Each structure stands twice: as C-alpha cells, then as structure tokens.
Amino acid sequence: MSDTIKVPTMAEMMAEGKSPEVLFWVGCSGSFDDRAKKITKAFVKLLNKANVSFAVLGTEESCTGDPAKRAGNEMLFQMQAMTNIEVLNGYEVKKIVTACPHCFNTLKNEYPSLGGNYDVVHHTQFLRSLLSEGKLTIEGGKFKGKRITFHDPCYLGRANNVYEAPRDLIQKLDAELVEMKSCKKRGLCCGAGGAQMFKEPEKGNKDINIERTEQALETKPEIIAAGCPFCNTMLTDGIKNKEKEAQIAVMDVAELIANAGDL
Amino acid sequence: MSYISQILFAVVLVAGIGYFAINVKKLVRNIRLGRAIDRTDNKAERWKNMVRIALGQQKMVVRPLAGFLHIIVYAGFIIINIEVLEIIIDGLFGTHRIFSFLGGFYSFLIASFEILAVLVIVAVAVFWARRNIVKLKRFFYPEMKGWPKSDGNIILYFEAVLMCLFLAMNGADYSLQQMGAEHYTMAGSFPVSQFLVPWFENYSTATLIFIERTAWWLHIVGILAFLNYLYFSKHLHILLAFPNTWYANLKPKGEFNNLESVTKEVQLMMDPNADPFAAPAEDKGDDMPEKFGASDVSDLNWVQLLNAYTCTECGRCTSECPASQTGKKLSPRKIMMDTRDRLEEVGKNIDANKGEFKEDGKQLLDDYISREELWACTTCNACVEACPVSINPLSIIMDMRRYLVMEQSAAPMELNNMMGNIENNAAPWPYNQMDRLNWKNE
Ligand code: SF4
Ligand code: SF4
C-alpha cells in the first residue's frame, strides 16, 4: 500500500499558473466523516494512478447547502450556493467530479439557475470513463466471483437516472452482481436523505436502514456496494445491527476498484 | 308517446351534462386558487408523456396484474362510450339503433362491446376481491377509512351494473329482433347476450319491450350519474390524468426549485454595494412580500392542486415510501388526499360566501397534515416514481417544510443544530472549515 497521495488544491494550481481538468468536490462527509474519508482517499488514489489532472478546493470548499435545502431552509441553501459559486467561478471551474450523490445532484441541478454552470459527474461515471478511455485498468482478480449487491443512492438513481455506471464498474471486477428485490427505479432509500441523516427518525416500527439492510441480506451478498457516503453509514450501521460485520463488508464502488488494484 | 320520451330524454341529458358542467367550473376555479407556475416549455415532450403515461398507461404495468386489468376496464370504458353516442342520438330523435346501417361493421362493433363488457365484469370482480377479500395492504392505511373506502367499491359496483344493463338491453333487443317485433330491426351481433335469449323465451313482446326499454334507460341514466359522480370521487383521474401528465415536471426528480423570492434577498445580502435602505422602496412596487413555502392550499401552485384532484388513491406511492413501510405516520397518498379535502373545503367556503373566501381558522398544515408526517420524509422520490399519473407528493411536503423553517423557525432541534453548523463552519457538523483538507495527511 502506497500512502503518498497527491492532492493539489485549486489555490496551489493557480499559483503555479495551471488549471486542472477537473475539480474534485470532496463534500462535508468526504472531508470529515471517518468512514467517508477512506472513500475519498481511495478515489484520490485512482485519480493519481490514472494521472488525472485534478484539484480540490480544500479549505475554500463549503457545504453545498443540500441538507439545508431538503430541510426547507432555502435561505441558507442559497447563501451556501452563492458563496460556492463565487469561489468556483473565480477559479473558472468547468468540470466537477464528486463522490457524494447529494453534492452531485445539487451542483448539477440546483446551481445553474443561481449562476453556477458546470459539467458535473458522479465518481462512478468518472471512473467508468477512465476505464473506457484506457487510462485506468483493473488488475487483480480479488473480487472475482464475489457476490456483490449494489444499493442505489436515491440522489444518483431516481433523482438523476444514473443506474448503470456503478453496475458497469462492479461487473468489470468480474464479480457476481446480484440485485435486491427493489433496485434501480424502485430502490429503497437508506433512510438518510432529506436531512434525516442529522436527526432521529420519527416514531415507527422499524428504522429504514434496517429494512434496507434486510433487503440486501436477502441476496446473500459478500459485499454491499454503495455509491454515497451517507448510504454507506446507514448500511454499515444496519449490518452492525444484524451482527454481520464479520462476514459482510459495506464498500464504496471506488474502494472496490482501488482494492482490486491493491492501491 | 314517443315525443314524451324524447323530451324526457332531452331533459335528463341536459340536466346530467349541465350539473357536470357546473362542477367542472368549480373544479377549474379551485385549481386556479393555486400560485402561478409555468409548465408550458418543451411541448413535444409533454404530449409524448401524456400519450405514453395517460393514454398508453405505461406506468400501470409496473404491477402487471393490476395493470392488465386496469387496461381492460379503461379500454372498455372508452370503447363502450361509442355506444353511448348511439344511445344519445336514438334517445333524442326517437330512432332505434341508428348506426345499424353500418351493417357488418356495426355487428363487429356490437360484438366487441359485448366481449369487452364481459371482460370488464371479470376485471371489476377481481378488483373487488383485491379490496374486500384479499385485502391488499395498500388499500387499508388509515386514510382509506370511510368515504375513500366506499368510493373505491361504489365505482366497481357502478361499472358492473352498467355492463349488466348493457348486456340485458342487448339480449332483450335480440329476442325482439328474432320475434320480428316492430321497430326492432335486425342489427348487430350478440356473442354474449344471445345466451340470455333462452331466458326470455316465454316472455311476451310487451314484457320484452319493457325489459329492453328499462335497461336502455337505466343504462344511459346510469352513465350520466357516473359522470356526475366523478367530481366527488377519486375517479376524476379518468379525465384529469390527461392534463396532469401533460403538466408534470420534466426536470430531473432530484432538482428542487430555487425560490426566486429568496434569491433576491440573498443577492441583496451578499452584494457589498447594495444599499440596505433601498430594498424596501424597491419592494413597494410588488404586492405583499411573498410568503415562503406553504401552510395552506393557496400557497401551493396550481399544478400541485391539479395533482390533488387527479389522485386515484391507489396507494402505489405509499407502498413504495420508506417512511410508510417502516410504520411512520407519513403516507404520500394522504398528503394528496388532505390537499384535495382542504381545497374542497376552501371551495365550499367560497361558494357559501358569495365568491369570497372567509377566514375559517383552518389551514392545510396541522389541521390536515401534521408536522410529524412532514419531517418523516427522506425526499427519496419513490412516491413520485411510483405514481401512475405523474403526481408529485414530495413537492408539497417540501413547500410545507419551507414554511415551517423559514416562516416559523419550527424545524426539529437537531436540524436547527445542523443548520447552525452550516452557517457557522460551512459543514453540517461542528468541524472547522480550516480542517477540511486534514484527511489528506491522516
Ligand atoms: S419522497 Fe418522502 S413521501 Fe415520497 S416516498 Fe420518499 S419518503 Fe415517502
Ligand atoms: S399520488 Fe399517485 S400513486 Fe399516490 S395514491 Fe395518488 S394516484 Fe396513486
């Protein structure tokens, strides 16, 4: 395992008079959440390996405003959005990649009418194009034949109709992709969206992440793949609740690809 | 005698259609109580969606059995209405089977109506069993008690009775044709009702004419009654599904609208050159400062209100909803039913007060939709995806959350903490923005 990762910031690039091809939007979860930071690093390793010219905003990045908007605080959301747009436009950012579907959705759909127009892609889409352009290859059959089920993040799937990119990547691992009974368009939420991540759920007879974890367990997977740091947290909690963490791993698609290549 | 029945028919017809027209006017007025929203872009795609989803029933077949049966009832409904046209002409002009001059084609038409009628009866029976014997879960949520439950069954009885009357009418007619009764010209082909003929064998011509006329009258009166029943029923969807799919949102489901009124304020706040004292003067030109979000039906836009009238109460949204599935109080179907009920209440209030709404101390929030329901939503869009007629319950939930947060500062405490964090350190958790890149070296 090589631990040296190169993470240039926009400010550094700018000082050198360079502008990267793509901005990696890390997001709050990817920056601060211990589990999500691993996903961030795995993705960066892949970017490094493929020699992608990228940069992050670093301390100039701030929350997209997604959780505020879904909670109903349009005022706070738009303040966040306009602050970010000022920074992004200042660096003349054209293309953004992010590993968080919530950031992806917000940047792609809700920033344009406030003056932020970028080509925004989810990291699974970005990785898929790196593979198809031959900039990245998957070596090592570590996941060959493993049963992997993919949980569709609401803000990637239903919200933006991206269903195939993450699945294509899993299939490239020669793994056995198994679908849950509700998947793709009918995929069940992990329970974190709409700012639920930040509060206790309302009274009910079950937690949503447990329901979803049970659906995942029905497929008898060895790995549950996710494409969202929040889904990852919810499903990891679900697996712990079922005391299955010794047998079943919850991993981001980027981690799968990075691990397959022993990065 | 003939004239009397013709006049009577005309009166019934005018009354039936007239009362329906009055209610349609009310419906349009109520929908117009909503705020303006422009949904006329990209017309080609809108027409395509309408043809695909409303006419082609594309979303119904996601659940194959219900979808298939629904298509039968729907086809039966539309095609048998061609027969109604003949009934109306016959009724007004005292003719009998006016289209019979079409000969072979007429026989074909009548034969296919009869077969469809039987299929409709079968489908209706299965639907009835699903509601009353199998007791499909989605028909038994709390919001389905009382009128909504009866409504679902009444419609089924209605359809079955109408189809039986149609077949009885044809059977009696066919017997009369064979007897050579005056007025009953040989016309049509009766693959189903011919089996009724043996039953009618010993009846006199007069009795048969009585049966045929009674069935004929009940059939057309029944259809007019059905038409007028629509306004009070979830069955409005057979008409409103068309405009509703046409005006549906075409943008990605994850894109929530940015409130323009907020944009103006934020721009002003962030613009260092803005003169803080100039703002109110500029606003004077506009009417009242816009209320953020929705606490009552008139704060919603008219497409959301059209959605409410279009809802068929099928519960596909609710059965896909993660909150409902895990026993939370939220049910997206209830959001739509509440919106319609409140809108009806507001409409009746306007009717009773000579066209002016009189404050009734009630609103959609709290009196119909509770905060607990609103905060249980994960904004996952499963309900929007599931709805067979392109209704968006989520947009109403969001507008009501906006009201709670921006007008009332009434978010749950944990969410206030989250938002406080975003405001102060640009992340939903209490971490310092300056530490955002620390992961790099960990
Ligand atoms: S968006 Fe909200 S109401 Fe609709 S299905 Fe998801 S949780 Fe339920
Ligand atoms: S909103 Fe749509 S899916 Fe939900 S009950 Fe009404 S018609 Fe059915």
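Residues numbered from 1 in each chain as written. Chains lettered and ligands numbered in written order. Predicted model: local features only at pLDDT ≥ 70, side-chain atom pairs only at ≥ 80, totals over all residues. Heavy atoms only, no water.

A. Spotlight on the packing of aromatic side chains. Per the counting criterion, the structure on display carries 22 aromatic pairs over all chains. Ring centres of phenylalanine 32 of chain A and tyrosine 431 of chain B lie 4.7 Å apart, and the angle between their planes is 15 degrees; on these two criteria the pair is classed as stacked. Of the two residues, phenylalanine 32 of chain A is situated in helix α2 (residues 27-32) and tyrosine 431 of chain B in the segment after α18 (413-425); the pairing between them involves two chains. With a relative accessible area of 38%, tyrosine 431 of chain B lands in the partly exposed category. Centre to centre, the rings of phenylalanine 9 of chain B and tryptophan 217 of chain B are 5.9 Å apart; their planes meet at 70 degrees, and the pair counts as edge-to-face. Of this pair, phenylalanine 9 of chain B sits in helix α1 (residues 2-31) while tryptophan 217 of chain B sits in helix α7 (residues 205-230), placing them 208 residues apart in sequence. (Phe/Tyr/Trp six-rings, centres within 6.5 Å; stacked < 30°, edge-to-face > 60°. Helix = DSSP H or I, 4+ residues; strand = E, 2+ residues; numbered from the N terminus. Buried < 20%, exposed > 50% of the residue type's maximum accessible area, 1.4 Å probe, protein only.)

B. Highlighting the interface of chain B and chain A. Contacts between the two partners involve 62 residues from chain B, matched on the other side by 71 residues from chain A. Between chain B and chain A, roughly 5700 Å² of surface is buried when both sides are summed, and carbon and sulfur atoms account for 63% of that area. The tally of links from chain B across to chain A stands at four salt bridges. We note a salt bridge from arginine 186 of chain A to glutamate 320 of chain B, for which the minimum N-O separation is 2.7 Å. Where chain B meets chain A, there are 36 residue pairs in polar contact (both at pLDDT 80 or more). Looking at the side of chain B that touches chain A, the elements with two or more residues in it are α9 (260-270), α13 (322-325), α15 (371-375), α16 (382-386), α17 (393-407) and α18 of chain B. Residues belonging to the side of chain B that touches chain A are distributed by class as follows: 32 nonpolar, 13 polar and 17 charged. (Contact = heavy atoms within 4.5 Å. Buried area = accessible area lost by both parts, 1.4 Å probe. Salt bridge = Lys/Arg side-chain N within 4 Å of Asp/Glu carboxyl O. Polar contact = N/O pair within 3.5 Å; in protein donor to acceptor, adjacent residues only side chain to side chain. Nonpolar A, V, L, I, M, F, W, Y, C, P; charged D, E, K, R; others polar.)

C. Molecular detail of the site of ligand 1. Around ligand 1 sit Cys321, Pro322, Leu330, Pro332, Cys377, Thr378, Thr379, Cys380, Asn381, Ala382, Cys383 and Ile397 of chain B, and that is every residue in its neighbourhood. Per-class residue counts for the shell around ligand 1 are nine nonpolar, three polar and no charged. (Near = heavy atom within 4 Å.)

D. Highlighting the packing of helix α2 (residues 43-55) of chain B against helix α8 (residues 237-246) of chain B. Residues and elements named next belong to chain B. Following both chains from N to C, one finds α2 and α8 inclined at 145 degrees, their axes separated by 8 Å at the closest point. Of the two elements, α2 crosses α8, and the hand of that crossing is right-handed. Facing α2, whose interface residues are Lys43, Arg46, Trp47, Asn49, Met50, Ile53, Ala54 and Leu55, α8 presents Ala241, Phe242, Thr245 and Trp246. The class makeup of the residues in the contact of α2 with α8 is eight nonpolar, two polar and two charged. (Axes fitted to C-alpha atoms, helices over the stretch in contact; angles between N-to-C directions. Left-handed = near helix turned anticlockwise from the far one by under 90°.)

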